[in-house]
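Architecture and fold: a report
If you want the building blocks of each chain, they are given just below.
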Amino acid sequence: MAAPTPLIAGNWKMNGLRASLAEARAIANGAAGSRARVAICPPNLLIHQMCEMLSGTEVLVGGQDAHWEMSGAFTGDVSAQMLADAGAKLVILGHSERRTGYRETDEIVARKTQAALAAGLEPIVCVGETLEERKAGHALAVVTGQVRGSLPADLAGKAFSVAYEPVWAIGTGLTPTTSEIEEMHRAIRATLSEMFGAASAAAPILYGGSVKPSNAREILHAAEVGGALVGGASLKAEDFLAIVRAV
Ligand code: 13P
């Protein structure tokens, strides 16, 4: 089975006004011809305009979350169908900021992933341990448990990725060692293979958490690292493009 095509996705989180669309334009210009697939996941209000602006370029646009229902009485929420209707092709699900801040469980993430697939979106499902869990020696068990609980059977044969984002590495400047990343990515790969069989080898396993131009090359060339989910460093085209070029 061929190695997955790498994916470098920028998670803008709750950052970006319409003026930031210029940054997306610069990313698209600089990413042309890249070896990786490149995606930007901006705040929902920018998705439609960004999709129109980037149509005809190689850069994909994604959401950062979606509800498990397609429509209904869910004040303030956005569905996968709405993201797809706005032009998004991917969606991040189960980010630790949603698991922690909005009490999203594995079961909720799995339902959201099913909704994303039903809407034709490619899910990026996030998993990752806290510092306490790592210190207690539970990181592998926690993360593989999240993979089992958050990825529904419907993913078999579909395009998706898993993003390993240690909670303690997000926005902190801290990163696991390369061998810790490789150990975790190998464990996730083995779990995917048990769950979905040989076809899951096409799903990239992304690393996320303080990826920046200075550490991207080492991280992206580690075993079983199939790309990156980038927060802070995706907000500036120059930094994000340096990461894209490190693939
Ligand atoms: P940082 O790259 O800012 O650490 O954020 C990582 C992340 O949470 C991406 O989803």
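Use the structure listed above.
Attention here is on the structure that accompanies the text. (Residues numbered from 1 in each chain as written. Predicted model: local features only at pLDDT ≥ 70, side-chain atom pairs only at ≥ 80, totals over all residues. Heavy atoms only, no water.)

**Details of helix α9 (residues 213–220)**
By the burial criterion, the buried members of α9 are N215, A216, I219 and L220. Projected down its long axis, α9 shows its buried positions confined to an angular sector of 125 degrees, all on one face. For α9, the exposed residues lying more than 90 degrees away from the buried face are S214 and E218. Among the structural elements, β1 (7–11), α8 (178–196), β7 (205–208), β8 (227–230) and α10 (237–245) are those in contact with the buried residues of α9. (Buried < 20%, exposed > 50% of the residue type's maximum accessible area, 1.4 Å probe, protein only. Helix = DSSP H or I, 4+ residues; strand = E, 2+ residues; numbered from the N terminus. Arc of directions from axis to C-beta. Contact = heavy atoms within 4.5 Å.)

**Side note on the sheet that holds β7**
Strand order around the closed barrel formed by eight strands is β1-β2-β3-β4-β5-β6-β7-β8, with parallel pairing between neighbours. Along the sheet, successive strands turn relative to each other by an average axial angle of 25 degrees, direction set aside. Strand direction decides the pairing type here: β7 and β8, joined by two bridges, are parallel. Pairing of G208 across the sheet is with L229, part of β8. Together, β1, β2 (37–41) and β8 form the strand contacts of α10, whose direction differs from that of β1 by roughly 160 degrees. (Pairing = 2+ DSSP bridges. Axes fitted to C-alpha atoms, helices over the stretch in contact; angles between N-to-C directions.)

**A look at the pattern of salt bridges**
Between side chains of opposite charge, pairing is possible as soon as their charged atoms come close. Going through the model one piece at a time under the given rule, you end up with 11 salt bridges. Residue R134 is joined to E180 by a salt bridge in which the shortest nitrogen-to-oxygen separation is 3.8 Å. Of the two residues, R134 is situated in helix α6 (residues 131–135) and E180 in helix α8; the sequence distance between them amounts to 46 residues. By relative accessible area, R134 is classed as buried at 18%. Assessed through its relative accessible area of 27%, E180 is described here as partly exposed. Salt bridges sharing common partners tie together D65, R98, E104 and K112. (Salt bridge = Lys/Arg side-chain N within 4 Å of Asp/Glu carboxyl O.)

**Some details on the side chain of D65**
Within the secondary structure layout, D65 lies in the loop between β3 (60–63) and α3 (80–86). A polar atom in the side chain of D65 sits 3.2 Å from the side chain of R98. With residues up to four places along the chain from it excluded, the contact list for D65 reads L83, V91, I92, L93, R98, E104 and K112. (Polar contact = N/O pair within 3.5 Å; in protein donor to acceptor, adjacent residues only side chain to side chain.)

**As for the pairing of strand β6 (residues 161–164)**
Side-chain alternation along β6 places S161 and A163 on one buried face and V162 and Y164 on a second face that is also buried. When β6 meets β7, the two strands line up parallel, connected through three bridges. Following the sheet pairing, V162 is matched in β7 by I205. A crossover links β6 with its parallel partner β7, the connecting element being α8, and its sense is right-handed. (Right-handed = clockwise from strand over helix to strand, strands pointing away.)

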